[in-house]
Structure formats: structure tokens, C-alpha cells
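So you can see what is in the structure, the chains are spelled out below.
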Amino acid sequence: MVMFTSQRTIIKVLKSSNFAYPKMTENATGIFRLKNFLIYTLLLYILSCSEQKEKTVKDNEVVTILVQPFKDMNSGDVEFLVKEIKKVYPKVKALEPIDLPKNSYYKPRNRYRADSIISFLSKNTEQNFVTIGLTTKDISAPKGNIKNFGIMGLGFRPGTACVASSFRLHKKKRNEQFFKVAIHELGHTQGLKHCPEKTCFMRDAEGKNPTDEETDFCEKCKQILMNKNWKFS
């Protein structure tokens, strides 16, 4: 059984208390011990409820989404994405562009490993923050027997970081599609699975680019996000 600091304090107080009562009969001693046991149990119960309440509040704290562009990104595209994300999650902050991590580069295919990028971003993401990396470069991840499968984005469920790439998107619809990829990966960090609804942002791309068919989060996915302080009109 895990014992919290406050519980240890109570035990210490009870053990160190000077119960210098007059000599009692065996029955009186038994009653006295039972009374102390009941008081001790009640105190532990109260503390347990209090600590559980504090933990629940902590789990539901509002996180800040950090938009981390890499230096290959156009500033106008970053501004567009930040603006669109704020429509459903207002607490967003754009960071200064940085270099892609060197260890993520996969030279044989001229790609960047998405899992390595996420690992890099996660190490620099503090508690109550979620970071999404944005790049125009081709990114990849293992899929089945394929060690280097080209993808549009990657996010772990749940997670503190994700990454989205515009490399495989339609040039004329790039910003709109890029937003859908980004919001999809952010959804994964919030615990969302792939959704069977074909018009939901959380549908599985299945190696293709179905973003033109996506219109919004479905009601089920919305409800999960609303419980995490996302806002929908």
C-alpha cells in the first residue's frame, strides 16, 4: 500500500501522543484502542479523498499548445495554422523557428524520422504543455515491415509532442490540408484514437491524403476534447 507524507504524519502523531491515562480495566483499554483505531481510519479516509481530488484537478489542468516551426517553414503558413488552431483551442503559443534535429535525418531516402523529431520535441516540453513541430520536409515512420514509410504527420496517444509535414499535401490546398493534419496529430496527444467517421479529422489516412473529405471532429471526438477544455461553437 502506498502511504502519502500526510498519512505518515498522522501515524507519527498517533504513535508519539502521550496517552497517560490512569490504569484501566481490560475492557476499558480495548474500548480506548478501538476508539483510536476508528479516529485513525477516519483521518486516513479524509486525506485519501483530499489527495484524490487534488490529483483529479491536476489531471484536468489546461495545457498550452506550443507551435514549433522548423526553419524550413514559411512564417505566413505558421501564422495561418496558429490562427486556425486557436479557433478550437485558444491557449496556443508560437515559438521561434529552430533547426530540425540532425539525428532525425535518414539519408538513404532524404527524409526525417518523425519519431526522432517527436523525441527531440518531448525532451524540451515541460509539464502542462504540448508541442507540435511543423516542417515542409518529407517525414517517415516504421509501418509494418516497412522501416521508412512516408507520412504526413505523427503523434503518440497520449503524448507531449507531435509533428506535421506539408510535403505530401496538395499545393493549392496546402494550408487547409496542413491544418487538418496538425489538428489530427494534436488530437492523438490528447488521447484520441483513429475514428471510423470518414468526415472526422481523426480518420485514419491509411497511407493516402483524405483531408479534403474531412470537415470537423465528429461529435464523439468533440466531447472527449471538450472535457479537456477545447472549445467548439
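Before any of the text, the structure's been laid out above.
Note that the coordinates shown come from a computational prediction; the quantities given were computed from them, not determined experimentally. (Residues numbered from 1 in each chain as written. Predicted model: local features only at pLDDT ≥ 70, side-chain atom pairs only at ≥ 80, totals over all residues. Heavy atoms only, no water.)

Visitor: Talk me through the sheet that holds strand E6 (residues 139–143); I want residue IDs and the actual numbers.
Guide: Here we have four strands laid out as an open sheet, ordered E3-E4-E6-E7, and mixed in their pairing. One side of each edge strand has no neighbouring strand; the edge strands of this open sheet are strand E3 (105–106) and strand E7 (146–151). As paired elements, E6 and E7 share four bridges and run antiparallel to each other. Considered in E7, the bridge of Ser-140 is made with Gly-150. Of the strands in this sheet, strand E4 (111–113), E6 and E7 touch helix H4 (residues 114–123), which is tilted by about 50 degrees from E4. (Pairing = 2+ DSSP bridges. Helix = DSSP H or I, 4+ residues; strand = E, 2+ residues; numbered from the N terminus. Contact = heavy atoms within 4.5 Å. Axes fitted to C-alpha atoms, helices over the stretch in contact; angles between N-to-C directions.)

Visitor: Can you tell me about the nonpolar core, naming the residues and giving the values?
Guide: Grouped together as the largest cluster of nonpolar side chains are 35 residues, with contacts concentrated most on Ile-65, Val-67, Ile-132, Ile-183, Leu-186, Phe-217 and Trp-230. Those elements that provide at least two residues to this core are strand E1 (64–69), helix H3 (75–86), strand E5 (129–135), strand E9 (161–165), helix H5 (174–189) and helix H6 (219–226). Ranked by the residues each element gives to this core, the list is headed by H5, at six residues. For Ile-183, the contacting residues outside a window of four places in its chain are Ile-85, Val-88, Phe-201, Met-202, Phe-217 and Trp-230. Counting 13 residues, the second-largest nonpolar core is a separate cluster that includes Ile-117, Leu-121, Ile-139 and Val-163. (Core = buried A, V, L, I, M, F, W, Y, C linked by side-chain atoms within 4.5 Å. Buried < 20%, exposed > 50% of the residue type's maximum accessible area, 1.4 Å probe, protein only.)

Visitor: Tell me about the packing of H3 against H5, and please be specific about residues and values.
Guide: Across the interface, H3 lies against H5 with an axial gap of 10 Å and an inter-helix angle of 55 degrees. When the axes of H3 and H5 are compared, the pair comes out oblique. As for how H3 packs across H5, the hand of that crossing is right-handed. Counting all contacts with H3, which are made through Asp-77, Phe-80, Leu-81, Glu-84 and Ile-85, the residues of H5 involved are Arg-174, Asn-175, Glu-176, Phe-178, Phe-179, Ile-183 and Leu-186. (Parallel < 35°, antiparallel > 145°, perpendicular 65-115°, else oblique. Left-handed = near helix turned anticlockwise from the far one by under 90°.)

Visitor: Give a detailed account of the sheet that holds strand E8 (residues 153–155), specifying residues and quantitative values.
Guide: Spatial strand order, E2-E1-E5-E9-E8: five strands in an open sheet with mixed pairing. The sheet is open, and its two borders are formed by strand E2 (92–94) and E8, each paired with just one other strand. The mean inter-strand angle of the sheet, taken between neighbouring strand axes irrespective of direction, is 20 degrees. Two elements, E1 and E5, share six bridges in a ladder whose sense is parallel. Within the sheet, the bridge partner assigned to Ile-65 lies in E5 and is Val-130. H4 rests against E1, E5, E8 and E9 of the sheet, and its axis sits at about 135 degrees to E9. Where H5 meets the sheet, its contacts fall on E1, E5, E8 and E9, and the angle it forms with E9 comes to roughly 160 degrees.

Visitor: Would you mind going over the pairing of E1 in detail, with residue names and values included?
Guide: Burial runs high along E1: six of the six residues are buried. Of the two faces of E1, the one holding Thr-64, Leu-66 and Gln-68 and the one holding Ile-65, Val-67 and Pro-69 are both buried throughout. As judged from the three bridges shared by E1 and E2, these two strands associate in the parallel manner. Its bridge partner lying in E2, Val-67 is registered against Ala-94. For the crossover that starts at E1, traverses H3 and ends in the parallel E2, the hand is right-handed. (Right-handed = clockwise from strand over helix to strand, strands pointing away.)

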